[in-house]
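These are the residues of each chain, in order.
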Amino acid sequence: MAISLPSSSSPFSTLSLSRKPLPFSCSLPKSPIKTKKFNARIIAYKAGLKSKQRIQKINEEVSPHRAVSAVRLLRIEQGGAFADLLSDKGRGAAENEMAYVERTLGFRTRDLEDRDLRLVTDIVGGAVRWRRLLDHLILSLCHEERTFREMEPLLLQILRIGFFEIVKLAMPPYAVVDENVRLAKVALRPGAGNMVNGILRKLVLLKETNSLPLPKIEGDARAQARALAVIHSHPVWMVRRWTNFLGQEEAIKLMNWNNGDPRFCLRVNTSRGYTRTDLVEKLEMLKVPHEPSPCMDDFVRVQTGLQTVIQAGLLREGVCSVQDESAGLVVSVVDPQPGETIIDCCAAPGGKTLYMASRLRGQGMVVAIDVNKGRLRILKETSKLHNLDGAITAIHSDLRLYSEKTNLKFDKVLLDAPCSGLGVLSKRADLRWNRSLEDLEQLMDLQDELLHAASGLVKPGGILVYSTCSIDPEENEERIVTFLRRHPEFAIDPVDRYVPPDFTTKEGFYRSSPVKHSIDGSFAARLVRSLNPEKPATKK
């Protein structure tokens with residue numbers, strides 16, 4: 001947000017802090033109405049003074065994208081932010097970032113430009129992804145381990161930014177050093193700037209001589225996992241788990257995918273009358289690189305330029321939605337048909353709800369249930385934008401309680417269950433540091449409870465689809481095996497009629513792989529309920 005000094009014509013430009021009579025009043029007003037006006041003028045006067053103070057705190061020398069990145073990283077570590085700036089509020093998001101900078105650092109920089117926003121997104125996302133490697137390098141270059149362990153949080157974020165820019169972005173090294181030293185000196189103190197200068201200059205020397213202190217992949221399985229966890233910046237437990245499930249070579253490919261630039265996909269909103277051709281034409285006008293999805297007719301892939309799409313208003317106008325093909329393929333497994341009643345059991349934020357409703361083509365209903373009232377409200381607002389509000393009914397409730405109380409039965413039930421999110425780590429860089437093996441075990445218990453609750457909503461002969469955005473077999477195939485053992489009235493309905501063969505498993509499930517398909521990892525099982533509750537169900 002641009003800030004300008006009050007002009008000389010401002011009614012308050014001649015005011016001072018002296019005890020002289022104020023120019024707009026010669027004596028204290030006596031009536032309540034006049035008193036309110038007087039107080040209002042005093043408030044306005046004080047606001048003018050605060051505005052001047054803010055202007056005096058603008059620092060033109062500090063790089064704005066680095067200041068915003070440091071504060072954003074600090075907030076992410078404290079659990080108060082998510083690691084990207086993609087928002088259909090664009091400029092407003094940038095203004096909010098500058099307000100956080102002012103409150104945290106005590107000064108403002110110049111306003112963020114579009115290039116700055118892209119750099120913030122790249123640096124914050126990259127620094128979060130590569131945090132384990134960056135911290136290993138910073139620790140290696142500190143004189144003592146204690147220096148690293150007791151380092152001020154803001155100073156650590158500034159060093160992470162500098163290390164990421166030099167090691168992974170290959171930015172001009174001495175410019176990186178100078179800019180981050182200046183930020184540390186202004187935001188903290190001269191001594192902090194000196195420390196940043198010394199450590200970053202050591203890094204530049206090591207980088208130029210190709211002698212970064214990286215661990216060697218050797219020793220037993222545990223030692224190799226620790227080394228891989230540093231080199232590819234993932235938690236050790238994930239590396240060991242993926243190595244066991246996939247083998248070391250495939251595990252490395254998966255980590256490389258997670259560390260790459262996230263790829264996004266746009267789904268055209270056919271409910272508004274748009275076609276994929278319309279969307280492609282708009283992307284060409286915006287000069288956004290794109291390609292049609294090879295597996296979904298209504299989807300277009302964009303490698304770069306999503307911020308351009310957002311700022312152009314394509315989401316706000318309801319032309320398209322950001323939705324990965326993996327989510328679209330889950331909806332294909334549900335196979336919504338006009339005239340059906342469908343319930344989306346954990347609906348928010350609502351991407352699958354909206355896509356299912358659009359495929360009903362004005363005939364039928366999708367009931368969206370979720371425990372988060374705020375996100376459910378956003379879903380309803382978005383449904384109006386997409387011209388789908390007449391096809392969606394929102395219910396604020398815990399699925400387990402709703403299933404116990406209602407007598408309603410549905411043609412199709414989608415349970416997109418809460419999960420670890422291990423299939424979307426390229427887009428959700430922070431998830432890898434916010435998940436533990438214990439979380440996974442608790443999630444599996446919740447998934448079993450929700451599956452049981454969702455099954456009670458399926459009418460005889462109806463369909464239950466269980467899906468996750470995880471690639472972990474224990475959250476996917478093993479949950480279905482456990483469920484079928486307890487619910488013989490359900491049977492697997494193979495998905496090969498609904499998704500391309502490349503996405504089907506030998507058991508009849510849907511599964512997408514980031515490495516194999518270049519989309520998010522996800523899973524879905526389609527189950528059919530027996531027409532006769534007394535007899536076990538059979539596969540269709």
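Residues numbered from 1 in each chain as written. Predicted model: local features only at pLDDT ≥ 70, side-chain atom pairs only at ≥ 80, totals over all residues. Heavy atoms only, no water.

### What to know about the pattern of salt bridges
Reasoning step 1: Using the criterion set out here, one finds 30 salt bridges in the structure.
Reasoning step 2: One salt bridge connects Arg108 with Glu102, and the closest N-O pair in it is separated by 3.1 Å.
Reasoning step 3: For Arg108, a relative accessible area of 5% gives the class buried.
Reasoning step 4: With a closest N to O distance of 3.9 Å, Glu113 and Arg110 form a salt bridge.
Reasoning step 5: Classification of Arg110 as partly exposed rests on a relative accessible area of 32%.
Reasoning step 6: It is possible to trace a salt-bridge network through shared partners that takes in Arg66, Glu165, Glu179 and Arg182. (Salt bridge = Lys/Arg side-chain N within 4 Å of Asp/Glu carboxyl O. Buried < 20%, exposed > 50% of the residue type's maximum accessible area, 1.4 Å probe, protein only.)

### Remarks on the packing of aromatic side chains
Reasoning step 1: Under the defined criterion, the tally for this structure stands at five aromatic pairs.
Reasoning step 2: Considering the side-chain rings of Tyr466 and Phe523, the 6.5 Å spacing of their centres and the 65° angle between planes classify their relative orientation as edge-to-face. Within this pair, whereas Tyr466 is found in strand β9 (residues 458-468), its partner Phe523 is found in strand β12 (residues 522-529), the two being separated by 57 residues in sequence. As far as burial versus exposure is concerned, Tyr466 and Phe523 are alike and both buried.
Reasoning step 3: On the numbers, 5.3 Å between centres and 65° between planes, the contact of Phe509 with Phe523 is edge-to-face. Taken together, the residues span a long stretch of sequence, with Phe509 in the loop between β10 (490-492) and β11 (510-512) and Phe523 in strand β12 at a distance of 14 residues.
Reasoning step 4: Overall, Phe523 belongs to the buried group, its relative accessible area being 0%. (Phe/Tyr/Trp six-rings, centres within 6.5 Å; stacked < 30°, edge-to-face > 60°. Helix = DSSP H or I, 4+ residues; strand = E, 2+ residues; numbered from the N terminus.)

### A short note on the sheet that holds strand β1 (residues 264-268)
Reasoning step 1: If you trace the four strands from one edge of the open sheet to the other, you get β2-β3-β1-β4, paired in antiparallel fashion. A strand with exactly one partner marks an edge of an open sheet, and here the two such strands are β2 (291-292) and β4 (320-322). (Pairing = 2+ DSSP bridges.)

### Regarding the nonpolar core
Reasoning step 1: Within the largest apolar cluster, 53 residues are counted, with the highest numbers of intra-cluster contacts made by Leu105, Ile138, Leu159, Phe163, Leu183, Val196 and Leu200.
Reasoning step 2: Contributing elements (two or more residues each) for this core: α2 (64-77), α3 (91-105), α4 (114-129), α5 (131-141), α7 (153-167), α8 (173-187) and α9 (190-208).
Reasoning step 3: The element contributing the most residues to this core is α7, with 10 residues.
Reasoning step 4: One finds Val331, Leu354, Ala491 and Val495 within the second-largest nonpolar core, a separate group that totals 34 residues. (Core = buried A, V, L, I, M, F, W, Y, C linked by side-chain atoms within 4.5 Å.)

### Let's talk about α9
Reasoning step 1: Its 19 residues place the ends of α9 27 Å apart at the C-alpha level, agreeing with the 27 Å of an ideal helix rising 1.5 Å per residue.
Reasoning step 2: Among all positions in α9, only Ala192, Gly193, Val196, Ile199, Leu200, Leu203 and Val204 are buried. Along α9, the residues classed as buried sweep out an arc of 150° about the axis, all on the same side. Opposite the packed face of α9, turned more than 90 degrees from it, sit the exposed residues Pro190, Asn194 and Leu205.
Reasoning step 3: Among the structural elements, α5, α7 and α8 are those in contact with the buried residues of α9. (Expected span 1.5 Å × (residues − 1). Arc of directions from axis to C-beta. Contact = heavy atoms within 4.5 Å.)

### Overview of the layout of surface pockets
Reasoning step 1: Put simply, the second largest pocket is a space of about 430 Å³.
Reasoning step 2: Considering the residues around the second largest pocket, the lining is formed by 20 residues, among which Leu246, Ile471, Arg511, Ser512 and Ser513 are closest to the centre.
Reasoning step 3: Going through the elements one at a time, α11 (236-246), α12 (248-259), β11 and α21 (514-517) are the ones with two or more residues in the lining of the second largest pocket.
Reasoning step 4: For the lining of the second largest pocket, the element with the highest residue contribution is α21, accounting for four residues.
Reasoning step 5: Here the lining of the second largest pocket is composed, by residue class, of nine nonpolar, five polar and six charged. (1 Å grid on protein atoms, 1.4 Å probe; cavity = no way out; pocket = protein on both sides within 12 Å on 5 of 7 lines; lining within 4 Å. Points joined across faces, edges and corners; volume = space filled by probe spheres on them. Nonpolar A, V, L, I, M, F, W, Y, C, P; charged D, E, K, R; others polar.)

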